[in-house]
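# Per-entry structural report
The primary structure of each chain is shown beneath.
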Amino acid sequence: MSESNKLVAQEERAQAATKSIAPGLLLATCGAIAFSGKAIIVKLAYRYGVDAVTLIMYRMLFALPIFAVMAWWATYRQDGGGKAPLTRKDWLGVLWLGFTGYYLASFLDFAGLAYISASLERLILYLNPTLVMLLGLVMYQRRVMAPQIIGMAISYCGVVLVFGHEITLQGDSQRAGAAWGALLVFLSAVSYAIYLVYSGEMVKRLGSLRLVGLATTVACLCCLLQFVLLRPMSAAAVAPEVIWLSLLNATLCTAVPVLMVMMAIERIGASLAAQTGMVGPMSTILMGVLILGEPFTAWVAAGTVLVIAGIFVFTRTR
């Protein structure tokens, strides 16, 4: 083969690789942006006087049929069906992961958003990989490398910077609420990190789609039960805008991005999909400014750059 033919063949292979990667990158990007819209919708719904218990009940009520169908499809239709039934240990694992990874993490996140901005919420949640590492260190004595510690330190400095700026903009009576909200969202990230640490073995055994469908179905039922136990049925009478926002949250910002990210991982792998997810905080901040009217200052910009840079260093090391 002549040199020119070799160059043509290499160019064709490069173009083919780009074409195969492009759909995965697009799916990962759209999924990250859709996920980040959740905080914006929650903040909009709070303007109509609804509380976290009622708001998350409506979100999960609308999401329940979607995730139930997902679990059914993964069990009986995907790859020809015939999946092995779950053992008692599997069901206990699904219940635990559904409670920690989706119910508790979601509720704490919704509750925290009543006190802090959507921008700060997204930056705190973006610390999740560092929490997974810390849990792995404590529970499994996994080795931690120096660049990981550096990346983690950079990211946490960014969150502290944005949080410090946010509380300076509030009065004395509101600062305690901001600190409480930041703590709730941080605990939400911890809860989801626990889910990620424990879900690895179950994903291998059940498959990602089946596990996500079953665990999220459990979470939906927990949110409905929580509302029944803590609120009178009259509390379900909310403004029509809350209903529509919850429906949008359940579909566009919950079920759709889950599927998008899973499809992206199949095409480009988990590492590249995770790095593409770095557009999430930026899209949340942009939507917060344009839709919610949240301030965008040099402090917020600097904190965001630190968080994203730190997580980039952290994930590249891993």
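Keep in mind the model is a prediction, meaning the values are calculated, not measured.

Right, let's talk about the layout of surface pockets for a bit. Roughly 280 Å³ of volume is contained in the second largest pocket. In this structure, the second largest pocket is lined by 16 residues; those nearest its centre are I116, S117, E166, E294 and P295. Taken together, the elements giving at least two residues each to the lining of the second largest pocket come down to α4 (118-125) and α6 (146-168). In the lining of the second largest pocket, the residues fall into 7 nonpolar, 5 polar and 4 charged.

Turning our eyes to something else, we now look at the environment of L44. Examined against the element boundaries, L44 turns out to sit in helix α1 (residues 3-46). Residues L44 and E241, 197 residues apart in the sequence, show an inter-C-alpha distance of 9.2 Å. For L44, the residues in contact, after removing those within four places along its chain, are L245, I291 and L292.

For the rest of this paragraph, the subject is the packing of helix α5 (residues 128-140) against α6. Two elements in contact, α5 and α6, have axes whose closest approach is 10 Å; the angle formed by their N-to-C orientations is 135°. Between α5 and α6, the interaxial angle falls into the category oblique. Relative to α6, α5 is oriented so that their crossing is left-handed. Each of T130, L131, M133 and L134 in α5 lies in contact with α6, whose residues at this interface are Q148, M152 and Y156.

The next point concerns the environment of R143. Considering the arrangement of structural elements, one finds R143 in the loop between α5 and α6. A relative accessible area of 69% places R143 in the exposed class. Taking C-alpha positions, R143 is 9.1 Å from M133, a pair spaced 10 residues apart along the chain.

As a further point, take the confidence of the model for the protein. In the predicted model, the protein carries a mean pLDDT of 83, and the fraction of residues at 70 or more is 87%. For residues 5-10, every residue scores under 50 in pLDDT, and the model assigns this stretch 1 contact once sequence neighbours within four places are set aside. For residues 14-18, every residue scores under 50 in pLDDT, and the model assigns this stretch 0 contacts once sequence neighbours within four places are set aside.

As a further point, take the packing of aromatic side chains. The way to describe two aromatic rings as a pair is by their centre distance and the angle between their planes. Overall, the coordinates contain 6 aromatic pairs when judged by the stated rule. Note on Y102 and Y192: the rings are 6.2 Å apart at their centroids and 80° apart in plane angle, and the pair reads as edge-to-face. Taken together, the positions of Y102 in helix α3 (residues 88-112) and Y192 in helix α7 (residues 172-206) put the pair 90 residues apart, joining distant regions of the chain. Following the ring pairs from residue to residue traces out a cluster consisting of Y102, Y192 and Y195.

What follows covers α6. Since the α-helix advances by 3.6 residues per turn, residues separated by three or four positions end up pointing in the same direction. Here α6 contains 23 residues, and its C-alpha end-to-end distance of 33 Å stays within 8% of the 33 Å for a straight helix at 1.5 Å per residue. Those residues of α6 that fall on the buried side of the exposure criterion are Q148, G151, M152, S155, G158, V159, V162, H165 and E166.

Where nonpolar side chains cluster on the molecular surface, the patch consists of V69, W72, W73 and Y76 and spans about 470 Å² of accessible area. The topology assignment puts Y76 in helix α2 (residues 52-77). The exposure class of Y76 is exposed, given its relative accessible area of 55%.

Tracing the sequence through the fold places F163 in helix α6. Sequence separation of F163 and I116 is 47 residues, and the distance between their C-alpha atoms is 8.9 Å. Beyond its immediate sequence surroundings of up to four residues, F163 is in contact with L120, A178, A179 and A182.

The rules behind each value
Residues numbered from 1 in each chain as written. Predicted model: local features only at pLDDT ≥ 70, side-chain atom pairs only at ≥ 80, totals over all residues. Heavy atoms only, no water. 1 Å grid on protein atoms, 1.4 Å probe; cavity = no way out; pocket = protein on both sides within 12 Å on 5 of 7 lines; lining within 4 Å. Points joined across faces, edges and corners; volume = space filled by probe spheres on them. Helix = DSSP H or I, 4+ residues; strand = E, 2+ residues; numbered from the N terminus. Nonpolar A, V, L, I, M, F, W, Y, C, P; charged D, E, K, R; others polar. Contact = heavy atoms within 4.5 Å. Axes fitted to C-alpha atoms, helices over the stretch in contact; angles between N-to-C directions. Parallel < 35°, antiparallel > 145°, perpendicular 65-115°, else oblique. Left-handed = near helix turned anticlockwise from the far one by under 90°. Buried < 20%, exposed > 50% of the residue type's maximum accessible area, 1.4 Å probe, protein only. pLDDT = per-residue confidence, 0-100. Phe/Tyr/Trp six-rings, centres within 6.5 Å; stacked < 30°, edge-to-face > 60°. Expected span 1.5 Å × (residues − 1). Patch = residues over 30% accessible without salt bridge, like charges linked within 9 Å, V, L, I, M, F, W, Y side chains within 5 Å. Areas by Shrake-Rupley, 256 points an atom, 1.4 Å probe, with all protein chains shown as cover. Salt bridge = Lys/Arg side-chain N within 4 Å of Asp/Glu carboxyl O.

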